[in-house]
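Residue-level structure breakdown
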Amino acid sequence: MAVMAETREKRGLQSVVLMITDVLLEGTQLLFVGDEDTIRQAFGIKGEENYAFLPKIMSRKKQVIPMLSALWG
């Protein structure tokens, strides 16, 4: 998480998101820094943690990017 935050700061990015997909559990561990409220809203993540397991989310191209793009415009 520290490296993600450092990368975000150095490159002037709005957010950095790491998606780790587990095909056996059929879901994704999502780690994020930056625009945390938007990311939580996009995926219905409760709490203040900067990570969540997202069941049934397996594709960044078909499931993750469209959710974030809809909120970021």
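Position numbers for residues start from 1 in each chain and track the written sequence from start to end. Restriction of local features to residues with pLDDT of at least 70 applies here, the model being predicted, together with a cutoff of 80 or more for giving and counting side-chain atom pairs; totals for whole chains, interfaces and linings are based on all residues. No hydrogens and no water enter the side-chain calculation; it runs on all heavy atoms of the structure.

A run of H or I in DSSP becomes a helix once it reaches four residues, and a run of E becomes a strand once it reaches two; helices and strands are each numbered from the N terminus. From N to C terminus, the protein chain includes three helices and three strands. Each helix and strand of the protein chain, placed in order from N terminus to C terminus, yields the pattern α-β-β-α-β-α. Against the 2.2 N^0.38 benchmark of 11 Å for 73 residues, the protein chain shows a C-alpha radius of gyration of 12 Å, consistent with a compact globule. Counting all 73 residues of the protein chain, 30% fall into the buried class. Contacts between residues were defined by any pair of non-hydrogen atoms, one from each residue, lying within 4.5 Å. Within the protein chain, contacts between residues separated by at least 24 positions form 43% of all contacts whose residues are at least 6 apart in sequence. Here the accessible surface of atoms and residues is derived via Shrake-Rupley with a 1.4 Å probe, and residues count as covered only by protein chains that are part of the display. As displayed, the protein chain has an accessible area near 5,100 Å², and 55% of this comes from carbon and sulfur atoms. We compute the radius of gyration from the C-alpha atoms alone; for a globule the expected value is 2.2 Å times N to the 0.38, where N is the number of residues. Burial classification: accessible surface area is computed with a 1.4 Å probe over protein chains only, and a residue below 20% of its type maximum counts as buried, one above 50% as exposed, and the rest as partly exposed.

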